[in-house]
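An overview of the molecular structure
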Amino acid sequence: MFFTPKQLGNIKLPDDILKDDKKTCIKIGPCGIGKKAIYLNTFFLDRVCYVSNGDIRRIYKRIAMTKNGFSGKGAFGSMPYLVVLLSDGSEKQCNFKYEHEVDNFINKFHELYPEIPTHSEAAEKRLAEERAREEKRYLKQLTPEAEEAVAALRNAKAFLSSNQAVPYELSRTAKQKRVIDNIKPAYKYFAAVIVVFSIVACVYGVYSVFQGKGMAVYIILFGFAFMFYAMSMQVLPTARNNSRAAGREFKKAVDASSELISHYDGDFPLPAQYAHPETISRMIRIIREGRAADIPTAYTVMKYDLKAINNTVTVSQTEYDEITAIKPMFLICGYKDEFADC
């Protein structure tokens, strides 16, 4: 059955077009991208609102952060949102469970509709300022060897960028493995205790129902509520949420990366487990800053820089996003070039 999405903005689509467009839209998280409109969620329901593509003026990610927000140091708790700015000046904010789904949505939308901005005005201004500061660090003129190295790296980056799904999966699985590997045992024990308590409460509640005791239904409800809470913590090992499964997922992503770069015309400048566009971007910057004149040296310096970055180092928001995308891959593999040693 087709439920007509609620119209947002000034442009209304006919129901027959809306029905076909929503049916064939690209579903990413709780939202979707169609040929005529994007489909947005409410807090509880997925894809129940729509905005015609002609009514979208800007679309970007917003992060609600813990107290003090982004400081450029360490990590912080956050909740990702997709923000859609409409032609009438209003905006629709959609909550997502996972930040990478917001990134996927924006990247796919930008791929399909590159004319629509995918950063907020403040972010565009900040990025422009960061680019200007970065340009000041670069050498005015590179040696022929350095120019050749930069050109080779740009070709490799373009190759990876044209196959974004593979490096994205490499980064995603590395992050997932890092998170699972770093879950403290105390959290697992705490969640396990909650689950056991919940099961006991549910069993006792059912028993109480048959015994005709009062409050039995409430005991069952509380039992299920605590059980769902323990599950939402995502710290208990499951068939997929465990270190071994995460390792298999990362290995699968590395294999896909290795297969991809095997089709590259020439020698690829990175091992398969580090083949990500942002890794190459850092190597290009190192050469343009004059800290290396060839690809092997830039690779060595890049790894040294990554090792030196920890929660005491202040970085820009752009570099923070870059580091969080690639550093988990290096940490898992111990910065080694042979994946067999990871």
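Residues numbered from 1 in each chain as written. Predicted model: local features only at pLDDT ≥ 70, side-chain atom pairs only at ≥ 80, totals over all residues. Heavy atoms only, no water.

1. Overview of the side chain of Lys303
You can see Lys303 is positioned in helix α10 (residues 295-308). Residues contacting Lys303, with those up to four places away along its chain left out, are Phe330, Tyr335 and Asp337. (Helix = DSSP H or I, 4+ residues; strand = E, 2+ residues; numbered from the N terminus. Contact = heavy atoms within 4.5 Å.)

2. Quick look at the nonpolar core
Formed by 43 residues in total, the largest nonpolar core has its most connected members in Phe268, Ile280 and Ile287. At the level of elements, α4 (144-161), α5 (165-181), α8 (243-261), α9 (277-288), α10 and α11 (317-332) are the ones that each hand at least two residues to this core. Once residues lying within four places of it in the same chain are set aside, the contact partners of Ile280 are Leu153, Ala156, Lys157, Leu160, Phe268 and Leu270. (Core = buried A, V, L, I, M, F, W, Y, C linked by side-chain atoms within 4.5 Å. Buried < 20%, exposed > 50% of the residue type's maximum accessible area, 1.4 Å probe, protein only.)

3. Examining the environment of Val83
Structurally, Val83 can be placed in strand β7 (residues 78-86). Taking the C-alpha atoms as reference points, Val83 and Leu13, separated by 70 residues in sequence, lie 21 Å from one another. Here Val83 is in contact with Arg58, Ile59, Tyr60, Arg62, Glu91, Lys92 and Gln93, once residues within four sequence places are set aside.

4. Describing a nonpolar patch on the surface
Taken together, Phe197, Val206, Val209, Phe210, Met215, Val217, Tyr218, Leu221, Phe222 and Phe226 make up a surface patch of nonpolar side chains, about 1100 Å² in accessible area. Sort the elements by how many residues they give to the nonpolar patch and helix α7 (residues 216-232) lands first, with five residues. Mapped onto the elements of the fold, Val209 is located in helix α6 (residues 185-211). (Patch = residues over 30% accessible without salt bridge, like charges linked within 9 Å, V, L, I, M, F, W, Y side chains within 5 Å. Areas by Shrake-Rupley, 256 points an atom, 1.4 Å probe, with all protein chains shown as cover. Salt bridge = Lys/Arg side-chain N within 4 Å of Asp/Glu carboxyl O.)

5. Some details on the pattern of salt bridges
Enumeration according to the criterion identifies 18 salt bridges in this entry. Linking Glu91 and Arg62 is a salt bridge whose minimum nitrogen-to-oxygen distance equals 3.1 Å. Highlighted residues: Glu91 in strand β8 (residues 91-95) and Arg62 in strand β6 (residues 56-65), separated in sequence by 29 residues. The exposure class of Glu91 is partly exposed, given its relative accessible area of 41%. What makes Arg62 partly exposed here is its relative accessible area of 28%. Residue Glu319 is joined to Arg282 by a salt bridge in which the shortest nitrogen-to-oxygen separation is 3.3 Å. With Glu319 in helix α11 and Arg282 in helix α9, this residue pair connects regions lying 37 residues apart in the sequence. Connected via shared salt-bridge partners are Arg137, Glu289, Arg291 and Asp305.

6. Here's the deal with helix α1 (residues 15-23)
Every buried residue of α1 is listed here: Leu18, Asp21 and Lys22. Considered in projection along α1, the buried side chains sweep an arc of 95° and stay on one side of the axis. Residues of α1 that are exposed and point over 90 degrees away from its buried face: Asp16, Asp20 and Lys23. Its buried side turned inward, α1 meets β2 (26-28), β4 (37-40) and β5 (49-52). (Arc of directions from axis to C-beta.)

7. Comments concerning the confidence of the model for the protein chain
Here the protein chain averages 86 in pLDDT, while 92% of its residues score no lower than 70. Confidence drops under a pLDDT of 50 for residues 66-76, and excluding neighbours within four residues, the segment shows 21 contacts in the predicted structure. (pLDDT = per-residue confidence, 0-100.)

8. Observations concerning the state of the cysteines
Overall, the coordinates contain zero disulfides when judged by the stated rule. Among the cysteines around Cys94, which has no disulfide bond, Cys31 carries the closest sulfur, lying 4.3 Å off. Take Cys94: its relative accessible area is 0%, and that puts it in the buried class. (Disulfide = S-S within 2.5 Å.)

9. Quick look at the sheet that holds strand β1 (residues 6-8)
The five strands are arranged β1-β5-β4-β3-β2 in an open sheet whose pairing can be described as mixed. At either margin of the open sheet sits one strand with a lone partner, and together these are β1 and β2. Direction aside, the axes of adjacent strands within the sheet are offset by 25° on average. Bridging between β2 and strand β3 (residues 31-33) involves three bridges; their strand directions are antiparallel. Looking at the pairing, Ile28 lines up with Cys31 of β3. Where α1 meets the sheet, its contacts fall on β2, β4 and β5, and the angle it forms with β4 comes to roughly 70°. (Pairing = 2+ DSSP bridges. Axes fitted to C-alpha atoms, helices over the stretch in contact; angles between N-to-C directions.)

10. Section: the environment of Lys157
Along the chain, Lys157 falls in helix α4. Assessed through its relative accessible area of 29%, Lys157 is described here as partly exposed. Taking the C-alpha atoms as reference points, Lys157 and Pro277, separated by 120 residues in sequence, lie 5.1 Å from one another. Filtering out sequence-adjacent residues up to four positions away, Lys157 remains in contact with Pro277, Ile280 and Ser281.

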